[in-house]
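# Secondary and tertiary structure notes
Letter by letter, the chains look like this.
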2 protein chains.
Amino acid sequence: MKANSNKGTMISSALNYSKTHFDRFVDELIDFLRIPSISTVPSSAKDVDKAAHWLVHHLQSLGLHDAKAFPTEGHPIVVAHYEVDPSRPTVLVYGHYDVQPVDPLDLWDSPPFSPVIKDGILYARGACDDKGQLFMHLKAFEAWMQTSGRAPVNLKFILEGEEESGSASLPGFIETHRNALAADVVVISDSSLFASGIPSITYGLRGMTYVEMTLTGPDRDLHSGTYGGAIHNPINALGDLIGKMHDEHHRITIDGFYDRVRPLSEDELDAIDALPFNAKNWVQEVGVDLPVTEYGFSVLVSSTSRPTLDCNGIWGGYTGDGAKTVLPSQASAKISMRLVPDQDPKEIAELTESWLRRHLPASMHMDFKVVHGAHPVLIDTESRAMAAAAKALEDVYGCPPYFTRIGGSIPVVADFKELLGLDSVLMGFGLDSDAIHSPNEHFGLDRFAEGIEAILRFHAHYGLP
Amino acid sequence: MKANSNKGTMISSALNYSKTHFDRFVDELIDFLRIPSISTVPSSAKDVDKAAHWLVHHLQSLGLHDAKAFPTEGHPIVVAHYEVDPSRPTVLVYGHYDVQPVDPLDLWDSPPFSPVIKDGILYARGACDDKGQLFMHLKAFEAWMQTSGRAPVNLKFILEGEEESGSASLPGFIETHRNALAADVVVISDSSLFASGIPSITYGLRGMTYVEMTLTGPDRDLHSGTYGGAIHNPINALGDLIGKMHDEHHRITIDGFYDRVRPLSEDELDAIDALPFNAKNWVQEVGVDLPVTEYGFSVLVSSTSRPTLDCNGIWGGYTGDGAKTVLPSQASAKISMRLVPDQDPKEIAELTESWLRRHLPASMHMDFKVVHGAHPVLIDTESRAMAAAAKALEDVYGCPPYFTRIGGSIPVVADFKELLGLDSVLMGFGLDSDAIHSPNEHFGLDRFAEGIEAILRFHAHYGLP
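Report follows, based on the coordinates. On a predicted model such as this, the values are computed, not experimentally measured, just so you know.

Bringing the sheet that holds strand β5 (residues 121–123) of chain B into the picture now. Residues and elements named next belong to chain B. The strand order across the open sheet built from three strands is β4-β5-β18, with neighbouring strands paired in antiparallel fashion. Among the strands making up the open sheet, the edge pair consists of β4 (116–118) and β18 (442–444). When strand polarity is set aside, the average angle formed by the axes of neighbouring strands in this sheet is 25 degrees. Of the strand pairs in this sheet, β4 and β5 are connected by three bridges, and their pairing is antiparallel. Looking across to β5, one finds that Lys118 is bridged to Ile121. Along the sheet, helix α14 (residues 445–463) makes contact with β4, β5 and β18, crossing β18 at roughly 65 degrees.

The end-to-end C-alpha distance of helix α3 (residues 45–61) of chain B, which contains 17 residues, comes to 25 Å, matching closely the 24 Å that a straight helix rising 1.5 Å per residue would cover. Taken residue by residue, α3(B) has B:Val48, B:Ala51, B:Ala52, B:Trp54, B:Leu55, B:Val56, B:His58 and B:Leu59 as its buried positions.

Right, let's talk about helix α11 (residues 345–359) of chain A for a bit. Residues and elements named next belong to chain A. End to end, α11 covers 21 Å across 15 residues, agreeing with the expected 21 Å (1.5 Å per residue, within 8%). Considered for burial, the residues of α11 that qualify are Pro345, Ile348, Ala349, Thr352, Trp355 and Leu356. Within α11, the buried residues cover an arc of 130 degrees as seen down the axis, which keeps them to one side. Of the exposed residues in α11, the ones pointing more than 90 degrees away from its buried face are Lys346, Glu350 and Arg358. In this fold, the buried residues of α11 make contact with β9 (207–216), α7 (234–244), β13 (330–339) and β14 (365–374). N-cap assignment for α11: the residue whose side-chain oxygen lies 3.1 Å from the backbone N of Lys346 is Asp344.

Glancing now at the relation of the copies chain B and chain A. Between chain B and chain A, the superposition needs a rotation of 180 degrees and an axial shift of 0.0 Å, giving an RMSD of 0.0 Å. Put plainly, the chains are arranged around a two-fold axis. Among all residues of chain B, the minimum C-alpha distance to the rotation axis is found for B:Gly239, at 1.8 Å. Here 100% of the contact residues of chain B are again contact residues in chain A; the copies associate through an equivalent surface.

Across all of its chains, the model carries 38 salt bridges over all chains by this definition. Across the pair B:Arg357 and B:Glu353 runs a salt bridge, and its minimum N-O distance is 3.0 Å. Linking B:Arg357 with B:Glu353, this pair stays in helix α11 (residues 345–359), spanning four residues, or about one helical turn. The exposure class of B:Arg357 is partly exposed, given its relative accessible area of 38%. Each of the salt bridges in this network shares a partner with another, and the network as a whole consists of A:Arg24, A:Glu28, A:Lys139 and A:Glu142.

All right, on to empty space enclosed by the protein then. Within this structure, the stated rule accounts for one cavity of 30 Å³ or more. Roughly 60 Å³ of volume is contained in the largest cavity. In terms of lining, the largest cavity is formed by A:Arg220, A:Asp221, A:Leu222, A:His223, A:Tyr227, B:Asp432, B:Ala435, B:Ile436, B:His437 and B:Ser438. In terms of residue class, the lining of the largest cavity is made up of four nonpolar, three polar and three charged.

What follows concerns the interface of chain B and chain A. On the side of chain A, 86 residues touch chain B, which itself brings 86 residues to the contact. At the boundary of chain B with chain A, total buried surface from both sides reaches about 7000 Å², with 52% on carbon and sulfur atoms. On inspection of chain B and its partner chain A, the count reaches zero salt bridges. Seen at the junction of chain B and chain A, the total is 47 residue pairs in polar contact (both at pLDDT 80 or more). With five bridges joining them, strand β11 (residues 310–317) of chain A and strand β11 (residues 310–317) of chain B adopt antiparallel strand pairing. Within β11(B), the residue paired with A:Ile314 across the bridge is B:Gly316.

Okay, the packing of helix α3 (residues 45–61) of chain A against helix α4 (residues 131–147) of chain A next. All names here are of chain A. Where α3 contacts α4, the two axes come as close as 11 Å, and the packing angle between them is 20 degrees. With respect to α4, the axis of α3 lies roughly parallel. Two packed elements cross with a definite hand, and for α3 against α4 that hand is right-handed. When α3 is examined against α4, the residues Trp54, Leu55, His58 and Leu59 are found in contact with a partner set consisting of Leu134, Phe135, Leu138 and Lys139. Here the contact of α3 with α4 is built from residues that sort into six nonpolar, one polar and one charged.

As a further point, take unusual backbone geometry. Residue and element names in this part refer to chain A. Put simply, Pro341 and Asp342 share a cis peptide bond, and its omega is 5 degrees. Tracing the backbone shows Asp342 in the loop between β13 and α11. We note that Ala435 has phi near 55 degrees; this positive angle belongs to a residue other than glycine. By the element assignment, Ala435 lies in the loop between β17 (424–426) and β18 (442–444).

Residue and element names in this part refer to chain A. Relative to the elements of secondary structure, Thr352 occurs in helix α11. Looking at Thr352, the relative accessible area reads 0%, which means it is buried. Ignoring anything within four residues of it in the chain, the contact list for Thr352 reads Met245, Ile254, Met337 and Phe368.

The side chains of a regular strand alternate, residue by residue, between the two faces of the sheet. Residues and elements named next belong to chain B. Both faces of strand β7 (residues 185–188) are covered, namely the face carrying Val185 and Val187 and the face carrying Val186 and Ile188. Pairing of strand β3 (residues 90–96) with β7, which is carried by four bridges, proceeds in the parallel orientation. Residue pairing across strands places Val93 opposite Val187, the latter belonging to β7. Sheet topology note: the β7/strand β17 (residues 424–426) ladder contains three bridges and is parallel. Its bridge partner lying in β17, Ile188 is registered against Leu426.

For the rest of this paragraph, the subject is the side chain of A:Glu164. The residue A:Glu164 is located in the loop between β6 (154–160) and α5 (170–176) in this model. Look at A:Glu164: it is buried, it has no salt bridge, and the nearest opposite charge is A:Arg125 at 7.4 Å.

Calculation rules
- Residues numbered from 1 in each chain as written.
- Chains lettered and ligands numbered in written order.
- Predicted model: local features only at pLDDT ≥ 70, side-chain atom pairs only at ≥ 80, totals over all residues.
- Heavy atoms only, no water.
- Pairing = 2+ DSSP bridges.
- Helix = DSSP H or I, 4+ residues; strand = E, 2+ residues; numbered from the N terminus.
- Axes fitted to C-alpha atoms, helices over the stretch in contact; angles between N-to-C directions.
- Contact = heavy atoms within 4.5 Å.
- Expected span 1.5 Å × (residues − 1).
- Buried < 20%, exposed > 50% of the residue type's maximum accessible area, 1.4 Å probe, protein only.
- Arc of directions from axis to C-beta.
- Polar contact = N/O pair within 3.5 Å; in protein donor to acceptor, adjacent residues only side chain to side chain.
- Least-squares fit on C-alpha atoms with pLDDT ≥ 70 in both.
- Salt bridge = Lys/Arg side-chain N within 4 Å of Asp/Glu carboxyl O.
- 1 Å grid on protein atoms, 1.4 Å probe; cavity = no way out; pocket = protein on both sides within 12 Å on 5 of 7 lines; lining within 4 Å.
- Points joined across faces, edges and corners; volume = space filled by probe spheres on them.
- Nonpolar A, V, L, I, M, F, W, Y, C, P; charged D, E, K, R; others polar.
- Buried area = accessible area lost by both parts, 1.4 Å probe.
- Parallel < 35°, antiparallel > 145°, perpendicular 65-115°, else oblique.
- Left-handed = near helix turned anticlockwise from the far one by under 90°.
- Lys, Arg positive; Asp, Glu negative; His and termini not counted.

In short, geometric facts, not functional conclusions.
Here is the structure:
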């Protein structure tokens, strides 16, 4: 009884503290969001660095005096440690302080790096993905330290700046620092609630193979009048290849693409069917006339548990105002494939390249490069950490969380499993409507508060069972 | 004999004059080429205007005191008249002083509007198309006036600034000024020799339908992880449509597209076969591995006398450095179709749009607009003006010209026929290798001189038969 009442008091004090200081928490987050730390754009490198050092200073101000930004070949990795008791479990908190590019800039209602709050919602690039969500972990830790003087669990933080550009430096860093990063579980808040007020824990993530290709026909741009009809046009050829990568059932035609796809179990299909999902609302929210899925699969299954092939960008020829009668030399596309267990990103890249080369017309040369890859992940839902997280979410939301698979990729989850043997608890507080890779990204301050509370309660349930 | 010897003396004097003053002619042309009169780019409007007024001043300096730039809704049309004797034939000279856009700028060896001469070749945007070629007509006129004090024919000039952007103002202008523009024949130098030293007169031109389309799927950019698999991707959909616009024989699949195509006669096919064409050299010159034509047609026939469908530009999604996992809201393409007699540009635009709408997936919205159109043309090769032009070219090159069809479009040729009832003599001195719509456009000064001579001789043969 003593332990439990102590635990209850600790939680209340920490929650009270976080309520009292909430406005300041938000101000600090806004300060963090002002740094345009876009990792995919080389010219933003200084700002990514600035964000890393902002974090180091903030962690030190919370009492994590060893907080440090480790330089890498890409952007720095910020690490900090806190030990309350070696017998207590250790939580490794992962987050990323880099953000997505902001174009098209003219579609933002307010500048992406000048955060504004409207109707309790914070608008800024990174508000949700992932500056806002990683910051909840820092504030939960602060609340413990400022109330109980200690946290219920040991904590380690690893915060990277290359998530949006493929986390190239992270696996090597984890491997080199495997002892320093040793823990019992990884906790990541970089995903979404199932819906507003409906908690979920993600146990499945899609992987990714992201490639870029350029077709070259003639060695220079030609006049489409003088040469048109006798020269294969690389845009036409690229379009044809892209079209042929799906069949009429929206299945991907790359040979062997589906060979390693593990079929969903009946239980999993039932669980997905049981989710409170309203396809009509979804269509409206997404802004389409109708969903288009692989034949035979529902919207939820298709967008979370089946592999995809999407062109993320395409360019070639004249794209300015008016008409230019050019027969272009080149056409290019970026293509990403979302992968599911047990597809392998490297193998899929190879299958894709060899399919493309086999279908490439003799008139075209192709440059093909793999931009990055990530393994798909399935996590054991029966662990002690999962139970603590489920209980924490039920405390906050009044109902147990759904266990869900999501369509996105968090490549580090596979890395942590492979390199440190650690499962991750994916406890996210975003919403699919947060526009995290679009203009007007935002994060509800209610969810920022709920996240801090859920993290506090998770620490308590996991460290003081 | 008197008339003939007079004619001979007149020609020699004019030729001598143009030789003596050739360096100055080139300097004047360079001055003209420095004006970046790109008609398709709205921000260049001032420079297009400047080029028009440069021409007016130049024409006036040659004694054409009524030279004037008429404002239009687009760019000005420059007109001037010269009458030597109402009983002589009247030649209406058409040219255009606007030029193509210059991107990709980094592929130019010297800036496009800073003309340079290397090894007798003049490099600049517009050097050949069409500033250099229209300027030959001005210099031939100057040579007559400075030697004989009069030209052998009546001359009218109509020089427009919208050829590269669709000549929107020209037809209305011709219609309004039909009396002032009355003539016996139009002469245009905006095409090419068959090959270096091998003259040709173009009697066939392709027409054009140029369209632009945008597909919209979701109403905003989406995260390809969260939504991929359940949302139709507009780039994938656009690629598929583009791919389906040709079949495996490189025939265009738009229903009715070929219905009005007039088959080439046996004589025409024989004449094309007789042309001194070396496919190996052509492939090398164009910079491709192999030609790709509509099944059953040769390179020359396909590139001059069969219709085409080329994507001139495509864009959508993320096209910057690195990876962005966006499922874009939109994808766009510019598509031009070269037409042959008796295809109609308006009808082809309608067939194209209705084909696209019929094949458009229910998940996509399409914006479709016609950017411009031009009728294909075939010209009578037996006229008196044609005979004079053929004789002039034989004088200069020592062999009679080939009569050829070319793949490009000179929409005004159809306009002159329709609105003024005039045939055109297309006597061009470019070469297909002049890169007229590409970086490093150029014009050999030898051909600039040959053109002036051929125009002089044409005037003499036509006016003093």
